[in-house]
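Structural features, examined
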Amino acid sequence: MIDKKALDIALENNSLILVQKCLHARNLHLYRHSILTAEIAWDIVVGSNKDFGFSATQAYMAGMLHDVGKLFVQDRILDKRHPLTEREWEVMENHPAWGHDYVQGTIFEPYGDVILHHHKLPDGSGYPKGLAAELLDDRVRLIAAADKIAAFIEDRPYRRRISHQALINREVRAVAELYFDGEKKEAIIDTVNGAITVERWTSLCKEQTGVCR
Ligand SMILES: [Fe+2]
Ligand SMILES: [Fe+2]
């Protein structure tokens, strides 16, 4: 007899490989950013031993999927080395909604809200505009934090990654404080700084120009 839960996980993981291949085929930097975000989210769940509403596997999948809407954003925007124009930002800011729609009707549909909200900030700013900040549960906040941490430790089209340890520590604290308080905030700071100290994600941070806006 097939274990339903094991089957679900196997299906999810095989499908996730297809998503990874799509990201890789579409844009190398998008692929590497997605893996880095997934690894950070995984490590926060495992390393912090706190309940973020996600298992480590779910956090990894959400991290891998968070920017899947960028499959529909042109390379000239993704890889642009200069500030985006107003029109280009309008296109870029559609990627959470496009990603949300992309996973509807698939086994990844339960991640749709995380994909839709990952650029929304607790003060109600960010995008998509008009969404209530109260929609940001711990799952969304975890992936949003992992996304932001990935963004400053990887190279971007328009700037090099942050490599000075004191600056990294300051940024990690700022991101953790943006989304969490108390024990979860401190657990994220300790876990992420620990991983950076041992260069756990170094190979994912190097030789890329990044695409996360
Ligand atoms: Fe994004
Ligand atoms: Fe991202």
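Before reading on, note that the structure itself is shown above.
From a predicted model like this one, the values you see are computed outputs, not experimental measurements. (Residues numbered from 1 in each chain as written. Chains lettered and ligands numbered in written order. Predicted model: local features only at pLDDT ≥ 70, side-chain atom pairs only at ≥ 80, totals over all residues.)

Digging into the overall build of the chain
As a reminder of what qualifies: For helices the rule is a DSSP run of H or I covering at least 4 residues; for strands it is a run of E covering at least 2, with both sets numbered from the N terminus onward. Exposure is read from a count of other C-beta atoms within 10 Å of each residue's own; the residue is exposed at 12 or fewer, buried at 20 or more and partly exposed in between. C-beta atoms are placed from the backbone. Think of it this way: build a C-beta for each residue from its backbone, and any pair within 7 Å is a contact.
Of the regular secondary structure elements, the chain holds eleven helices and zero strands. Taken from N to C terminus, the helices and strands of the chain fall in the order α-α-α-α-α-α-α-α-α-α-α. Taken over 213 residues, the chain has a buried fraction of 39%. Within the chain, contacts between residues at least 6 apart in sequence are counted, and of these 68% link residues at least 24 apart.

Here we look at unusual backbone geometry
Omega for the peptide link from tyrosine 127 to proline 128 comes to 5 degrees, which places this bond in the cis form. Mapped onto the elements of the fold, proline 128 is located in the loop between α7 (112-117) and α8 (138-153). Positioned with a positive phi, asparagine 49 is a non-glycine residue whose angle comes to about 60 degrees. Note that asparagine 49 resides in the loop between α2 (28-48) and α3 (56-65).

Digging into the environment of phenylalanine 72
In this structure, phenylalanine 72 sits in the loop between α3 and α4 (75-78). A count of 14 C-beta atoms within 10 Å places phenylalanine 72 in the partly exposed class. Phenylalanine 72 sits 27 residues away from glycine 99 along the chain, and the two C-alpha atoms are 8.7 Å apart.

Some remarks on the packing of α2 against α8
Selection criterion: The angle between two axes is taken between their N-to-C directions and runs from 0 to 180 degrees, where each axis is a line fitted to C-alpha atoms and a helix contributes only its stretch in contact. Should an angle fall under 35 degrees it is called roughly parallel, over 145 degrees roughly antiparallel, and 65 to 115 degrees roughly perpendicular, with every other angle called oblique. Should the near helix be turned anticlockwise from the far one by less than a right angle, the crossing is termed left-handed; should it be turned clockwise, right-handed. When residue character is reported, Ala, Val, Leu, Ile, Met, Phe, Trp, Tyr, Cys and Pro are called nonpolar, Asp, Glu, Lys and Arg charged, and the others, Gly included, polar.
Direction vectors running N to C along α2 and α8 enclose 125 degrees, while the axes themselves pass 8 Å from each other. By the criterion of interaxial angle, the relationship of α2 to α8 is oblique. Pair α2 / α8 crosses with right-handed handedness. Residue-level contacts link His33, Leu36, Thr37, Ile40, Ala41 and Ile44 of α2 to Leu142, Ile143, Ala146, Asp147, Ile149 and Ala150 of α8. Taken together, the residues of the contact of α2 with α8 break down into nine nonpolar, two polar and one charged.

Overview of the nonpolar core
The line we're drawing: What we call a nonpolar core is a set of buried Ala, Val, Leu, Ile, Met, Phe, Trp, Tyr and Cys residues whose membership is set by joining through C-beta atoms within 7 Å.
Ala41 and Leu65 are the most contacted members of the largest nonpolar core, which totals 51 residues. Those elements that provide at least two residues to this core are α1 (4-26), α2, α3, α6 (95-103), α7, α8, α9 (165-179) and α10 (182-197). In this structure, alanine 41 is in contact with Ala59, Tyr60, Ala62, Gly63, Leu142, Ile143 and Ala146, ignoring residues within four places of it in sequence.

Some remarks on the environment of histidine 29
By secondary structure assignment, the location of histidine 29 is in helix α2. Separated by 125 residues in sequence, histidine 29 and glutamate 154 place their C-alpha atoms 9.9 Å apart.

Here we look at the environment of aspartate 43
Structurally, aspartate 43 can be placed in helix α2. Using a count of 21 C-beta atoms within 10 Å as the deciding quantity, one classes aspartate 43 as buried. For the pair aspartate 43 and isoleucine 188, spaced 145 residues apart in sequence, the C-alpha to C-alpha distance is 9.3 Å. What aspartate 43 contacts, discounting residues up to four positions off in sequence, is Thr191 and Ala195.

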